[in-house]
Structures are given as structure tokens and as C-alpha cells.
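Summary of the model geometry
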Amino acid sequence: MDISDKLSFYKSSSGNETHQPSAVSSSLKTLADHFNGKIVYPHAPYLKIVREESLGDSLQDAVTLKLLSRNEINEPLALDGILFFDLETTGLAGGAGTYAFLLGFGRIAGNRIIVEQYFLPDYGREYHLFEQLNLQFNEFSCLVSYNGKSYDYPLLRSRFLLNRQKFKLEDIFHVDLLHIARRLWKDSLPSCDLKSIETEILGVNREGDIPGAYIPQAYFNFIRTGIVHEVIRIVNHNYTDITSLARMLLYFSQIENNPLTAVHHGIQARLAKLAYEAEDYTLLQKLAGNIGPDSPAIPEVKKMLSLFCKRSRNWPEALSLWNELVNSASHRFFALEELAKYYEHIEADYKEAIKYTSRALSIIRALEEIQYDANTFFYKESFQYRYQRLVQKSA
DNA sequence: ATCCCTTGTGGTGGATTGTT
DNA sequence: AACAATCCACCACAAGGGAT
């Protein structure tokens, strides 16, 4: 923003609420007409837009996220108590200077999502809106956002504070879907931003979407010119953000209830890790037994299952898994090491332990002639050390 | 009894990433 | 540019077996 932008920006927000620049006033009417919205007239007018759409045929009353939240969310979440929210702002610098000019909130009723959006056409329009919002905030027991824990939520709270208003969402439970998404797709998607999850997983298509990075400039342009075209794109962008939040939450719940439905997105390995951490033996077994034999995640799933068996001293099953993994190119060193550990420390059968150790060493030697990578080197040192110790011990 | 070695586990600092 | 959550590499420590 150059200096002339700044001047006109602050001029138009000079606090004289009864004397609006005519461009803004008629623009607000244009916007209201376009979205069939309603202009709310306290001292400082703002625009309220309500839209809704279907989320599917048969929605349940509640969602479960025990596994995906790592036991953070133990109780089922009632869908009608969830408030989805997303802000569009004048910038990324989360401090007091950032203004949220579009506030979007979604709630689920029946199988539909109802989105209420509040567009503030200028500075100094928050007080009355925040009063109204606080009246509704009481109805919700849970907040859902995307990266909202670091961005939207602290920003919204500081805006309420700056307006000397109590923030009625202060102690509400907050689910940030970004972190669940990252746990699932960190390895299989190049990016876990909301747009990637939409296109790759949810099948959401954004037509004519405005890039997030352009939103602050577009809002400044509107304040300067009163042209509504880009504001319309921002409102649509925000609407899609919120409906996608709801779709993603439902998708996560579906994975939670039936993890095998998620096989086609290459996240079995991640699910197996979460199941291992949650000590969910049933899920680990289901994953190992039911994902296709050609799935590239099979070795990793077996590895996690074998570690679970090891921790619970289920040696027969652990042994059988390790013996299968010996044939896996990616996991044979892991398997051979575990077998060597088992025979050394559990069975005290040093000869058998040496057998697996030297088998690993001979594979490493063969590999070294083809290629030489850090992983092989790491295993080489450790197996050599193990071999020497075992030879001494058995002597 | 005491020491040494190996393994598993819990804690910590640094890097990464998404939000407008 | 602010910051929450996560991951990963690393470290310290406890437990247990074997050797002296």
C-alpha cells in the first residue's frame, strides 16, 4: 500500500459515522443486493449475509475424533454445538493493527450447513456486531477452524478486547483441523493448506477463487474505490472456507469410525502410527489385514503392529511380522535388527542373533557395491558393533 | 555387591508450516 | 511478521541381565 492509499484509507475511517463516503454506502447496497443480504444499521452499518447448503444425505448427530486428536477429544462432538469460523483480515501480522473485515460463522442444522457472514465496509464497525455475536456465542460448546488456534482465534479475541467487550468464546473447546490434516497427509501431500486438502481429498472445486495473499489489498482497493467485484470474491472465498471446514470434520469422523474407507489416500501408514500411539490393537490388526497386498504402506503398518506386539510381549506375532518384513526392501534392516535383539535379549540365543546380524551385514556389503547412502551407513556401524559384541558374548 | 552394557522411554531445543 | 502444534534428533535416566 503506497502513501496515497494509506491517506484515503484512514480518511474514510475517520470516525464520523453519520457522514459516510457515498461510494461506500451505495457499494454496501450493491453487495446486499448481490448476496440477498441484510444491512444492519446501528451507528455504523455492516452487512449480514446468510447462505446454506446441503452436506450430504444422512448426517449423524455427533462426530468422533478420539484417534485423530490423540485422545484430546474423548467425547463425541454434537454437530449442532459446533461453531465453524474463519476471518478475512487486512494482513497477516497478527498484532493489534490487523482488522478482521469479514467474519464468517457456520453451524450445522439437520444435514445442512448454515453460514452467516458479516462484512464490515470500514473501520470502526465492530462494536455493535460483537454485541450481537456474543448473544449467539453462548449456544456453542466447540469451535472448529483451520489454523485458527494460531491465527483467527487470537486475532478475534484481541479485537473484542480492543472494543472493551467480553469475549464469550474465551474458554470454549477449540479443534484446529490443520493439525489433524498434517498428521494424516504430511508425507503424502506436497502441502497441507486448506486448498490442497479441498482439491485432493474433499473434491471441492473453487471457481474464480481469490488468492488469500491478495485479500488485504483487495479490501483496501474496495475502501478506496467502492468497487464491489473483489469483495464478492472474498465473501465467496470465506464461504467456501467454512463449508470446507464442515466437510473436513465429517471426513475425519468417517475415517475415525471406519479407517479402512481411507485406503485410497495413502494414509494407512500414518493411521497405523496413530493407532500404535493410542495402543489400538484392533485397528492395527484391521489395517494390517485389510489394506490391499500391493499397498506401499503395508511394511510400515506391519512395523507399527510388530512394535505394538513387542511392547506387549506378544512374541509369536512379533516374530512372524519381522520374518515377513525381512523380505521388504525398505524395512529389512529394521526387521533384522529386531530379530537380533529378540534372540540376544529374550532368548539369549546368541548364535541365532549372530545369524541375523551377519545376514544384515552381507546385504549391506552387497548394497555398498551398488550405492552408498546415509541410511545404509547408519545400519552398517550399528550391525558391526552388534556383531562384535555377540561374538564376544557367545565365546 | 558392584559395574558395565543395552534397551525403552520421557523430556527438550530447533526447524517446519499454515493463516491473511 | 506472530505463533501454535508437531516432528525429529538428541540426551539423560531407569531397569535388567551378565560378568567380575
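Keep in mind that what you see is a predicted model, and the values were worked out from it rather than measured.

Our focus in this paragraph is the overall build of chain A. Along chain A, the regular secondary structure elements total 15 helices and nine strands. The C-alpha radius of gyration computed for chain A amounts to 28 Å, which surpasses the reference 21 Å derived for 395 residues by more than 25%, pointing to a less compact arrangement than a globule. With the principal axes as the frame, chain A shows a C-alpha extent of 95 × 45 × 35 Å. The buried share of chain A, taken over its 395 residues, is 52%. For chain A, the share of sequence-separated contacts (at least 6 apart) that also reach a separation of at least 24 residues comes to 66%. For chain A, the exposed area adds up to about 19,200 Å²; of that, 50% sits on carbon and sulfur atoms. Computed over 43 positive and 48 negative side-chain charges, the separation of the two mean positions in chain A equals 4 Å.

The subject of this paragraph is helix 11 (residues 298-311). For helix 11, which comprises 14 residues, the first-to-last C-alpha distance of 20 Å matches the rise-based estimate of 20 Å (1.5 Å per residue) to within 8%. Most of helix 11 sits inside the fold, with 10 of its 14 residues counted as buried. For helix 11, the set of buried residues is Ile 298, Pro 299, Val 301, Lys 302, Met 304, Leu 305, Ser 306, Leu 307, Phe 308 and Cys 309. Where helix 11 is buried, its residues contact helix 9 (268-277), helix 10 (281-290), helix 12 (315-325) and helix 13 (332-346). At the C-terminal side of helix 11, Arg 313 shows a positive phi close to 60°.

Judged by nonpolar contacts, the single largest core of 85 residues is most densely connected at Phe 84, Tyr 146, Leu 177, Trp 185 and Phe 252. Both domains that furnish three or more residues to this core are identified here as domain 1 (3-257) and domain 2 (261-394). Apart from the residues within four sequence positions on either side, Phe 252 is in contact with Leu 65, Leu 68, Leu 177, Ile 180, Ala 181, Leu 184 and Trp 185. Ranked by size, the runner-up nonpolar core spans 47 residues in total, among them Leu 83, Leu 155, Ile 223 and Val 235.

Now for the packing of aromatic side chains. A full pass over the atoms with the stated rule returns 21 aromatic pairs. Ring geometry for Phe 333 and Phe 383: centres 6.3 Å apart, planes at 55°, overall tilted. Placement of Phe 333 in helix 13 and of Phe 383 in helix 15 (residues 374-394) is noted, with a sequence separation of 50 residues between them. Here the aromatic cluster, defined as three or more aromatic residues joined through ring pairs, consists of Tyr 46, Phe 105, Tyr 118, Phe 130, Phe 137, Tyr 153, Phe 160 and Phe 167. The ring of Phe 334 has Lys 303 sitting right over it, with the charged end atom 5.0 Å from the ring centre.

Our focus in this paragraph is the domain arrangement of chain A. Its domain assignment divides chain A into domain 1 (3-257) and domain 2 (261-394). For domain 1 versus domain 2, the distance between C-alpha centres works out to 46 Å. With 14 residues of domain 1 at the contact, the number on the domain 2 side is 12 residues. Counting the surface lost from both domain 1 and domain 2, the interface buries some 1,200 Å², and carbon and sulfur atoms represent 59% of this. Contact with domain 2 buries area across many residues of domain 1, yet Leu 67, Arg 183 and Leu 184 alone supply 39% of it, more than any other trio. Our count for the contact surface shared by domain 1 and domain 2 stands at two salt bridges. In this structure, the salt-bridge partner of Asp 187 is Arg 270, at a minimum N-O distance of 2.9 Å. Residue assignment for the side of domain 1 that touches domain 2 shows that the elements contributing at least two residues are helix 5 (177-185), helix 6 (194-202) and helix 8 (229-257). Residues belonging to the side of domain 1 that touches domain 2 are distributed by class as follows: seven nonpolar, two polar and five charged.

Within this model, the largest pocket holds a volume of roughly 750 Å³. Along the wall of the largest pocket there are 26 residues; nearest its centre are Asp 86, Glu 88, Gly 212, His 237 and Asp 241. Breaking the lining of the largest pocket down by element, the ones donating at least two residues are strand 5 (82-89), helix 6, helix 7 (215-225) and helix 8. The element best represented in the lining of the largest pocket is strand 5, accounting for four residues. Residue classes in the lining of the largest pocket are distributed as 13 nonpolar, five polar and eight charged.

Attention now moves to the protein's contact with DNA strand B. Taken together, 27 residues surround DNA strand B, and among them Cys 192, Leu 194, Lys 310, Arg 386 and Arg 389 come closest. At 3.2 Å, a side-chain N or O of His 345 approaches a sugar or linking oxygen of DNA strand B. A distance of 2.7 Å separates a phosphate oxygen of DNA strand B from a polar atom in the side chain of Arg 389. Sorting elements by how many residues they give to the surface near DNA strand B places strand 5 first, with four residues. Taken together, the residues of the surface near DNA strand B sort by class into 10 nonpolar, seven polar and 10 charged.

Rules of the game
- One numbering rule holds for all chains: residues counted from 1, following each sequence as written.
- Naming scheme: in the order in which they are written, chains are lettered from A and ligands are numbered from 1.
- For this predicted model, a pLDDT threshold of at least 70 governs which residues receive local features, and a threshold of 80 or more governs which side-chain atom pairs are given and counted, while totals over whole chains, interfaces and linings are taken from all residues.
- Hydrogens are left out, water is left out, and the side-chain values use all remaining heavy atoms of the structure.
- Numbering of helices and strands runs from the N terminus, with a helix taken as a DSSP run of H or I at least four residues long and a strand as a DSSP run of E at least two residues long.
- For the radius of gyration, the atom set is restricted to C-alpha positions; the globular benchmark scales as 2.2 Å times the number of residues to the power 0.38.
- The buried label goes to any residue with under 20% of its type's maximum accessible area, the exposed label to any with over 50%, and the partly exposed label to all in between, with areas taken from a 1.4 Å probe on protein chains only.
- Any two residues whose heavy atoms approach within 4.5 Å at even a single point are treated as in contact.
- With residues, only the protein chains shown are counted as cover, and all accessible areas are computed by Shrake-Rupley using a 1.4 Å probe.
- For the purpose of charge, His is not counted, nor are the chain termini; Lys and Arg are scored as positive and Asp and Glu as negative.
- Lysine's charge is taken at NZ, arginine's at CZ, aspartate's at CG and glutamate's at CD.
- A helix's residues, less one, multiplied by 1.5 Å, set its expected span.
- The set of buried Ala, Val, Leu, Ile, Met, Phe, Trp, Tyr and Cys residues whose side-chain atoms join them within 4.5 Å is what this entry labels a nonpolar core.
- By convention here, the domain bounds are inherited from an automatic or database domain assignment.
- Paired rings are identified among Phe, Tyr and Trp, the last through its six-membered ring, by centres lying within 6.5 Å, and are further divided according to the angle between planes into stacked (under 30 degrees), edge-to-face (over 60) and tilted (the rest).
- Comment: the charge-over-ring label is applied if NZ (Lys) or CZ (Arg) is within 6 Å of the ring centre and within 35 degrees of the ring normal.
- Note on terms: buried area is the combined drop in 1.4 Å-probe accessible area of two parts once they are placed together, counting the loss on both.
- One speaks of a salt bridge when a side-chain nitrogen belonging to Lys or Arg is within 4 Å of a carboxyl oxygen belonging to Asp or Glu.
- In this classification, Asp, Glu, Lys and Arg are treated as charged, Ala, Val, Leu, Ile, Met, Phe, Trp, Tyr, Cys and Pro as nonpolar, and every other residue, Gly included, as polar.
- A pocket, in this scheme, is an open set of points on a 1 Å grid over the protein atoms alone with protein on both sides within 12 Å along at least 5 of 7 lines, while a cavity is a set where a 1.4 Å probe fits but cannot get out; residues line either one if an atom lies within 4 Å of a point.
- Grid points are joined across faces, edges and corners, and a volume is the space filled by probe spheres set on the points.
- Note on terminology: near, applied to a residue and a molecule or strand, indicates that one of the residue's heavy atoms is within 4 Å of it.
- Nitrogen and oxygen atoms within 3.5 Å of one another constitute a polar contact, given that in protein one can donate a hydrogen and the other can accept it, and given that sequence-neighbouring residues count only through two side-chain atoms.

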